Amino acid sequence: MSASEPDVLGVRVDFSAGAIAARLRRGEGRGGALARAVGVKPGRAPAVVDATAGLGRDALLLASLGCEVTLIERVGVVQAALAAAICEARAAADAMLAEAAARMRLVRGDAIDLLAGMAPHTVLLDPMHPERGNSALVKLPMRQLRAAVGDDEDKAALIAAALAAASHRVVLKWPAKVPLPRGVPVPGYSIGGRTTRFDVFVR
Ligand SMILES: C[S@@+](CC[C@H](N)C(=O)[O-])C[C@H]1O[C@@H](n2cnc3c(N)ncnc32)[C@H](O)[C@@H]1O
């Protein structure tokens, strides 16, 4: 691989740099679509199981709003990158980052098997989205993640497991213009963005 060619196989997570750090500093989570979908309100931050942890960005935003977040990840290289990033963030000089990371707990395994035993209040799901036609538009960290984890072909089983386990709500992050996987029920409501929407299933 040449020096100019990005390493698409490496998965790295650093909460103190790049886009996620900037989003955190801007306080972007508060009042945003993710927070509203999960049900964060002033003085109310539900416990969330993020059953598709990935690069941990959604989990970090929710933790920065006061949610206790349990992150489930099933792919080893992603688990290792996340565990290191959470550990580093807990020791960060940035108090906001350290406090948010202290609310994040990583669980290694497949959420389809684990969710029923966790009795979750709210479950957030963000399985790999169907590939876009023009993959050049996809940012490098997501390309690296897809190279490591594949396409999450068992999304429908994961959504069914979350709907069976959650006591209050399931939030599914999904591309705005793509139909839901076959067999997934119609959500109660959706909170839309230009490219991504949050489908909310209230139990
Ligand atoms: C699109 S990424 C999630 C990105 C994440 N929301 C973020 O903010 O960085 C999907 C991740 O979910 C994981 N995943 C998918 N299905 C899973 C399952 N059944 N159990 C655990 N992890 C799963 C994949 O390995 C991948 O790392």
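It should be noted that the structure appears before, not after, this text.
It should be emphasised that the depicted structure is a prediction, and the values quoted were computed from it without experimental measurement.

**Let's talk about the packing of helix 1 (residues 18-25) against helix 3 (residues 57-64)**
Argument step 1. Put simply, helix 1 and helix 3 touch, their axes get as near as 11 Å, and they point 20° apart. As judged from the angle between their axes, helix 1 and helix 3 are roughly parallel. Like other packed secondary-structure pairs, helix 1 and helix 3 cross with a definite hand, here right-handed. On helix 3, the residues touching I20, R23 and L24 of helix 1 are R57, L60, L61 and S64.
Argument step 2. Here the contact of helix 1 with helix 3 is composed, by residue class, of four nonpolar, one polar and two charged.

**Let's talk about the sheet that holds strand 5 (residues 169-175)**
Strand pairing in a sheet is mediated by backbone hydrogen bonds. Such pairs are either parallel or antiparallel.
Argument step 1. Here seven strands make up an open sheet; going across it, the order is 3-2-1-4-5-7-6 and the pairing mixed. Edge strands, defined here as strands with exactly one partner in the open sheet, are strand 3 (104-108) and strand 6 (189-192). Mean inter-strand twist for the sheet, computed between neighbouring axes without regard to direction, equals 20°.
Argument step 2. Looking at chain direction, strand 6 and strand 7 (residues 196-202) are connected through four bridges and run antiparallel. Each bridged residue has a counterpart across the sheet, and for G192 the counterpart in strand 7 is R197.
Argument step 3. Contacts between helix 3 and the sheet are confined to strand 1 (48-50), strand 2 (69-73), strand 3, strand 4 (122-125) and strand 5, with strand 2 contributing the most and set at about 170° to the helix.
Argument step 4. Contacts from helix 4 (residues 76-90) reach strand 2 and strand 3 within the one sheet, and its direction differs from that of strand 3 by about 160°.

How each quantity is defined
- Residues numbered from 1 in each chain as written.
- Predicted model: local features only at pLDDT ≥ 70, side-chain atom pairs only at ≥ 80, totals over all residues.
- Heavy atoms only, no water.
- Axes fitted to C-alpha atoms, helices over the stretch in contact; angles between N-to-C directions.
- Helix = DSSP H or I, 4+ residues; strand = E, 2+ residues; numbered from the N terminus.
- Parallel < 35°, antiparallel > 145°, perpendicular 65-115°, else oblique.
- Left-handed = near helix turned anticlockwise from the far one by under 90°.
- Contact = heavy atoms within 4.5 Å.
- Nonpolar A, V, L, I, M, F, W, Y, C, P; charged D, E, K, R; others polar.
- Pairing = 2+ DSSP bridges.

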